[in-house]
Amino acid sequence: MPAAVNIAGSPAVNDKFTISALKVLLYYDLFRYPLTAAEILYHCREQGCSEQQLSSSLQFLQSHQYICHIDGFYLLKNDPQLVQRRKLGNELAQRMLRKAADRSSLIARFPYVRGVCVSGSLSKDYFDETTDIDFFIITAPGRLWVCRSLLILFKKLLLLNSKKYFCVNYFIGSDSLEIPDKNIFTATELITLLPFYNHTLYRNFFSANEWVKDYYPNAAPREGFVLKEKESRVKHAMEQLLNGSLGEWLDRYFYKATVNHWKKKFPDLAAAEFEVNMRSRKDVSKHHPQGFQFRVLKHYRENCEAFEAKHGISLR
């Protein structure tokens, strides 16, 4: 079947690997973040995409001016400043990894912390003055809210509530590793997590979320940053103290107190938005009051629709 022709007179995009490459670039365009060919391949949404197939797709897209190629990076706009921005962000991210490792080591010494990963911008090798070091923390079963409350207390009292290098906004229990929000945003965040503490548990978490393969079949667990796991006597002693009825009572207390506080603090959040952005259960705690997930999904859909309208093609 001959290729369709779009309204601009260029060949339409019919190949599934080419469409996938475009969708990856459209997603990261939301963050003004050009990608390498290797990164596009890692994020490819089609099973069996090879380097050769991707290279052919990228050459096609570039030759027909759907995308641009600048200094080893692919992007939708012919904007060298975006490439320079990425390079500077990559350089700062590399320097921030040591601080992230130090903070991960500190977090790992808190009671009931079982795994520590870095998420957000730094996990994607980018950092600047507007970003934080975001941590994704896996806790022991039944003590998530004790663990979270101790870390938040430490941040408020000793770090003066600064979240720049200590943003602890997502906790899950080690007995509930599957993420319920199954969409392109959460899939992207999951495959880019950078493990720092307890790589075995991180790999178990990755395996527990097989649904990610529906979005990113080429993705695999990352090696991350290996920390020397030191035995903490204080952590052990506090866990011994809180493993019984006192710990159960405290966990229930912190859970109820935190949820009530959030409901009073964010009264305008609709129930559906509160459930996703501020999900609070015995085995999970999210603190994303700005609704970043909803905003990204909305803007990504709009980005795809605008691209389709501009070029007269379908990305479905």
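Note that this is a predicted model, so its numbers are computed, not measured.

Now for unusual backbone geometry. One non-glycine residue with positive phi stands out, namely Arg-32, at about 55°. Assignment of secondary structure puts Arg-32 in the loop between α1 (16-29) and α2 (37-42). Relative accessible area serves as the criterion here: at 45%, Arg-32 is assigned to the partly exposed category. Non-glycine residue Gln-65 carries a positive phi angle of around 60°. Relative to the helices and strands, Gln-65 is located in the loop between α3 (51-63) and β1 (68-70). The class for Gln-65 is exposed, based on a relative accessible area of 69%.

Considering only enclosed or pocket space, the second largest pocket measures out at about 310 Å³ in volume. Lining of the second largest pocket is provided by 17 residues; of these, Glu-39, Ser-123, Lys-124, Asp-125 and Arg-222 occupy positions nearest its centre. Elements with a minimum of two residues in the lining of the second largest pocket: α2, α4 (80-108) and α5 (120-123). Considering each element in turn, the lining of the second largest pocket owes the most residues, three residues, to α4.

A word on the pattern of salt bridges. A full pass over the atoms with the stated rule returns 15 salt bridges. Arg-98 is paired through a salt bridge with Asp-102; the nearest N and O atoms lie 3.6 Å apart. Taken together, the residues Arg-98 and Asp-102, both in helix α4 and four residues apart, mark about one turn of the helix. Judged by its relative accessible area of 48%, Arg-98 falls in the partly exposed class. The network of salt bridges with common partners includes Asp-181, Glu-275, Arg-279, Arg-281 and Lys-286.

Reading guide: rules and limits
Just so you know, the residues in each chain are numbered from 1, in the order the chain's sequence is written. Under the rules for a predicted model, residues below a pLDDT of 70 receive no local features and side-chain atom pairs below 80 are neither given nor counted, while totals for whole chains, interfaces and linings still include all residues. Only heavy atoms go into the side-chain values, all of them from the structure, while hydrogens and water stay out. Helix and strand labels come from DSSP, where a helix needs a run of H or I of at least four residues and a strand needs a run of E of at least two; each type is numbered from the N terminus. Each residue is placed in one exposure class: buried if its accessible area under a 1.4 Å probe, protein chains only, is under 20% of its type's maximum, exposed if it is over 50%, and partly exposed if it falls in between. Buriedness of a pocket was judged along seven lines, with at least five required to meet protein on both sides within 12 Å; pockets are open sets of points on a 1 Å grid over the protein atoms alone, cavities are sets where a 1.4 Å probe fits but cannot get out, and lining residues have an atom within 4 Å of a point. Grid points are joined across faces, edges and corners, and a volume is the space filled by probe spheres set on the points. Just to be clear on terms, a salt bridge is a Lys or Arg side-chain nitrogen sitting within 4 Å of an Asp or Glu carboxyl oxygen.

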